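Listed below, chain by chain, are the residues.
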Amino acid sequence: MAIVSTGLVMRDSVERKALLERRARPGESPYGIVILDEAHKARGSATPSGEREPNNLLQFMSRIALKARHVILGTATPIQTDPMDLWDLMKVLGSGADHVLGDDLSRWRNRPEDALRLIRGEVRPRAEADAWEWLRNPLPPGAEREALVRLHQAELRHARHGRGHRPLPCRS
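1. Overview of the side chain of N137
Move 1: Inspection of the secondary structure assignment puts N137 in the loop between α8 (128-136) and α9 (145-160).
Move 2: A polar contact is formed between the side chain of N137 and the side chain of D103, at a distance of 2.6 Å.
Move 3: Once residues within four sequence positions are removed from consideration, N137 is found in contact with G102, D103, L105, S106 and W108.

2. Points about the environment of L86
Move 1: Along the chain, the position of L86 falls in helix α4 (residues 84-93).
Move 2: For L86, a relative accessible area of 29% corresponds to the partly exposed category.
Move 3: In sequence terms L86 and R43 are 43 residues apart; their C-alpha atoms lie 8.2 Å from each other.

3. Some points on the confidence of the model for the protein
Move 1: Of the residues in the protein, 81% have a pLDDT of 70 or more, and the chain-wide mean is 81.
Move 2: Overall, residues 165-172 carries pLDDT values under 50, and its contacts beyond four positions in sequence, including any with other chains, amount to 18 contacts.

4. Thoughts on the pattern of salt bridges
Pairing of side chains with opposite charge becomes possible as their charged atoms draw close.
Move 1: Tallied over the full model, the rule gives 8 salt bridges.
Move 2: For the salt bridge of R52 with D88, the shortest nitrogen-to-oxygen distance reads 2.4 Å. Within this pair, whereas R52 is found in strand β4 (residues 52-54), its partner D88 is found in helix α4, the two being separated by 36 residues in sequence.
Move 3: On the basis of relative accessible area, D88 is assigned to the buried category, the value being 6%.
Move 4: Bridged by salt links that share partners, the residues R52, D82, D85 and D88 form one connected network.

5. Some points on the side chain of H40
Move 1: As for its position among the elements, H40 is in the loop between β2 (31-37) and β3 (44-46).
Move 2: Judged by its relative accessible area of 12%, H40 falls in the buried class.

Definitions and cut-offs
Residues numbered from 1 in each chain as written. Predicted model: local features only at pLDDT ≥ 70, side-chain atom pairs only at ≥ 80, totals over all residues. Heavy atoms only, no water. Helix = DSSP H or I, 4+ residues; strand = E, 2+ residues; numbered from the N terminus. Polar contact = N/O pair within 3.5 Å; in protein donor to acceptor, adjacent residues only side chain to side chain. Contact = heavy atoms within 4.5 Å. Buried < 20%, exposed > 50% of the residue type's maximum accessible area, 1.4 Å probe, protein only. pLDDT = per-residue confidence, 0-100. Salt bridge = Lys/Arg side-chain N within 4 Å of Asp/Glu carboxyl O.

Here it is in structure tokens:
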């Protein structure tokens, strides 16, 4: 596990270098869990050309997230200066985890401005096919169906036994 202190990675330090260069055995991640508190400090800013330029902490988190099986970002204020701040954090969570924002062809990953307009209700998909493009990527691949069915069945059992859990939706 790595608990990242924002002071260690904001500048080019020995600690930053050591964390990024850590190696693991073949088939394993160097870190099981990486935790960043005050994650809102990891964000980009708009350049004159309209691109987002990440600050040092966001650059570091994007790199170390690829070396971790799990990433936890703690913040009470994920949007500090721009709604794209939230997308910066989502991209960290999605590093190596296509089920978060989808794969490289996902609209969520490649068209964040359009996604924000959709989430805000400013636009709606004009056709079912357009809505499906937003939904299908990051849906989990069919190979994960059995795991989702087992999870759904477990939730149903909990609900039947009065544990207060609501069943998860399941595709058949």
